[in-house]
Amino acid sequence: MAPRQHPRVLNASFPRNRGELSLNSIIRICMLAASFYSLGILPPSSEKRLIRGSISERNEERAHNPDDSPNSEAPAKLEASVSPLKVENKHVNSKAVTAADIKPKENRLYCMVPFIWTPSALPNYYAIRATWGKRCHITKFFIDPIIGDNVVGFYNMTDENEAMRAALEANMSLPDDVVVLHSMKRPWHTCSVDENRENNKPIGNCRNIWEKIWRAWVYVVYGTGGSHVNGAGQNANGKTDVENAEWFVKVDADTYLFPDNLPRYVESKGWSYNDQHYFGHKLNHRQGDRKVSIIAGAAVFFSRATLVEAGRTFNTMSMERGDEEEDGTCRDAYTGTEEVVTAVCIKDYARAEAATDADGREQISLYEVELILEYNRTEQGEWWYWQGKERVPCHNNPYDCISHLPLAFHHNKDPKDLLDLDNEFYNDDPTKRKRRKGYVNAYFDKVRATMNAAQTAESVAQGDTHVLIEHSSNTKVAGKQSSIYQSSSSNKNRLYCMVPFIWTPGYLPQYHAIRATWGKRCDVLKFYIDPIIGDSNAGFQDVRVNEKADLPDDVIVVNDIKRPWNACTQQDGDEVKTCRNIWEKLWRSWRWMDDHGELDQAEWFTKVDADTYLFPEHLKRYVVEKSWLPSEHHYFGHVLRHRIQKSDAGASIVAGAAVFFSRTTLKSLAGILKDFEDGETRSAPQECKDDYTSEEEVVTAVCLKTHFGVEAQTTLDENGKELVAVAEPEDSLLWNRTEQGDCHTDKIGICNSHPLLLSRASINSLIMSGEWWYWENKPKVDPVTGAEIHQCCGDLPIAFHGYKDPQWFYLLENEFHGSSYKVKDEDSWKYKWRNPITTKAYFDRVRKAMKKTE
């Protein structure tokens, strides 16, 4: 997929209404003139001469986006220091900064927005002020000295008469958060093809964004080169802007910013504003010619230490050849590639740092979120966007490669986009949210939940007694340690355990074993059975006919199953074959749960096989440590990627041993199941419909992805170890992807066996070549820790699979919960853990980890 360009064209259109000046107008002009002089909006006469060029129609502009609500600049008490800047500058009328001792108590953010003050851009200005701009500690818009357009006229704000005319004739007076850069030599409106030809300049390289950026930063640091209604460069506390914040961002007007996530990000990184930091979405594609990595211009962040030094650099750099395109040197230039020149100028003391979270997800989306979420590095190839980036799992697994605590979304050129995004994340009314693609909604759910969790953690840290919590030293919120285990009584993280079951005499021992062991730790435990019970020895009974069947209260009969387990057949030509009905049982069970209010009985749900030993308490802890909420979309467990192909909607699946869902996800899934029609034939590839199939994991994944954009999520601990074992751990503990692979044909007997059922000896006897399906498409190492991942097993496991003899459940209960179930002496030889050294050592680690969490 070719990268999208960043158009910077602003179409000016605004009604013009001019008339002759009346006596009242003349009086108003005089009054405005007096007020302008008193407020300091008019520039010093020494700076007027720096404006170059005549007024002409512009050919190209910088596109921007704003909104409505004033920004607060309450002065803070400051206690640490910024080194005085003693700089001689013959180009800018600068004043040395002698900062007082400054030591702020918070990581305040200063938001600098380069802007063009035209009627058509004003809705964008108000949109920014009404949305993310009000959450910056300080937000200021830096504009060229020429305002207006070819409809309302152009006004030179360095001329007091034109400034008054702009207010009276075009209603274009300037608010107090707008800074006019009087010293600019190349105002935006002079960028025209004709002027380039006349002055022998490159066509298309007349943009002035670089000059605007470096002059804006000089103003922030020194207070020179511009003015606004509060005065030229001084704030109410007598400080320049650089002394009133710790972190700074140059943010494009078509970017939606998350100012409240910036402190969380720098704190999670352990960064100090007194150190050199220059970060954002890091791009490496210019390293070949400019020898430097750059931060994409959508949102460029600086620590105060970096900006102070950058201000010194910009204030003293060469002004020669300023009308030429940039050439990889630090100088004034006639260019729009401000990102490149910024990186070149500060490379000696600040190098670009990629803003990514602990999982390698980008903190800043360079284009529309729905586009970035679809990016896949393998399918698209290594175009400039990927160049030089460390590969992480999400690069090949779309829909989850933007951080859940993002810093910025770029390319929102319609002001309404900013308002829509603000409703997404800061309005509790879900009806105000825009309808988007399913995978975008799923991602936004994660962002809301993670931000809420971070806010709750911060409230607790500040001593907010209204937040009900339980403590856990292992809980992670927003990438840092937090003491929250359970945020409130309304979010209890209850677990509903749903066991698909067949009610026969042969299976009843398994039923009793589950109830006596792990099942009693579920908040709700229910067994869902076909309407046909019994077997060929005891006889079959249809409970739809015989309603007096004696069934326990925790057994639910799925009455509308069309293919009961004992009578599931399928015509294949002249042959009648038996078929498994597990998918039909599942979707009809989930639909029953929704119809009967079962989905309101818990926050988390698992479909768990009857031969799986579950650790419900570990699952509850896991979702809290992940900062997941039941109101988000979550579908997780042991992810198998061997069936990722277009024929199955490209969906990765969760192994059926234990599949977990948030309440929101299962309710959403139940909603589409209501429209299912009875299937008649088995189809391949799998589709989201009723079907004669046992591949319930695949169809579940296809339904969630195609309807909601929900992808399977892995259950791995912090060391990359699987928490759901798809086989008995005493076997899977020994699995190693480098020693196992596909069978050669000379081992037909063993090769025909299911890999999960092979003994260690059988596996070792195989002639291997490559990796068998269990390992297919699984990343080999954790991108952060470098640890080999997807090996079994984590020290706080969630599930062990493959124990078809219920006696093992009692033995596992003895191991981990101190029970004392006995095995008959004559059967004791059957129940010994395989691979005793490895298995016993692992069980010891589990017991130790469980003890720590008590």
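Below: a short report on this structure. (Residues numbered from 1 in each chain as written. Predicted model: local features only at pLDDT ≥ 70, side-chain atom pairs only at ≥ 80, totals over all residues. Heavy atoms only, no water.)

Assigned secondary structure in the protein consists of 24 helices and 36 strands. In the protein, which comprises 854 residues, the proportion classed as buried is 57%. The contacts in the protein between residues at least 6 apart in sequence include a share of 74% that link residues at least 24 apart. A total accessible area of about 36100 Å² is found for the protein, and carbon and sulfur atoms account for 47% of it. (Helix = DSSP H or I, 4+ residues; strand = E, 2+ residues; numbered from the N terminus. Buried < 20%, exposed > 50% of the residue type's maximum accessible area, 1.4 Å probe, protein only. Contact = heavy atoms within 4.5 Å. Areas by Shrake-Rupley, 256 points an atom, 1.4 Å probe, with all protein chains shown as cover.)

Here we take up unusual backbone geometry. Residue C793 follows C792 across a cis peptide bond; omega there is 10°. Topologically, C793 is positioned in the loop between β35 (791-792) and β36 (799-801). One non-glycine residue, K291, adopts positive backbone phi at about 60°. For K291, the location among the structural elements is in the loop between α8 (287-290) and β10 (294-295). With a phi close to 55°, R321 is a non-glycine residue in the positive phi region. For R321, the location among the structural elements is in the loop between α9 (304-316) and α10 (338-346). With relative accessibility at 41%, the residue R321 sits in the partly exposed group.

Considering all chains together, one arrives at six disulfides under this definition. One disulfide bridge connects C111 with C136, the sulfur atoms lying 2.0 Å from each other. Between C111 and C136 the sulfur-sulfur dihedral comes to about -85°; the bridge is accordingly left-handed. Separated by 25 residues along the polypeptide, C111 in strand β1 (residues 109-115) and C136 in the loop between α3 (122-130) and β2 (138-143) bring together distant segments of the chain. Taken as a pair, C111 and C136 share a single burial class, namely buried. (Disulfide = S-S within 2.5 Å.)

Now for the nonpolar core. Formed by 112 residues in total, the largest nonpolar core has its most connected members in W117, W132, L257, F279, F301 and F409. Within the second largest apolar cluster, 54 residues are counted, among which are L495, L619, F809 and Y831. (Core = buried A, V, L, I, M, F, W, Y, C linked by side-chain atoms within 4.5 Å.)

All right, on to the pattern of salt bridges then. Applying the stated criterion across every chain yields a total of 58 salt bridges. The shortest N-O distance in the salt bridge between E246 and R304 comes to 3.2 Å. Separated by 58 residues along the polypeptide, E246 in the loop between α6 (209-222) and β6 (247-251) and R304 in helix α9 bring together distant segments of the chain. Assessed through its relative accessible area of 0%, E246 is described here as buried. One salt bridge in this structure joins D357 and R361, with 3.3 Å as the shortest N-O distance. By relative accessible area, D357 is classed as buried at 18%. (Salt bridge = Lys/Arg side-chain N within 4 Å of Asp/Glu carboxyl O.)

Here we come to the side chain of Q363. Take Q363: it is sitting in the loop between β12 (352-354) and β13 (364-365). Judged by relative accessible area, Q363 falls into the buried class, the value being 2%. Within the structure, the side chain of Q363 is placed 3.3 Å from the side chain of S403, a separation counted as a polar contact. Beyond its immediate stretch of four places on either side in the chain, Q363 contacts Y265, A355, T356, D357, S403, L405, P406, L407 and A408. (Polar contact = N/O pair within 3.5 Å; in protein donor to acceptor, adjacent residues only side chain to side chain.)

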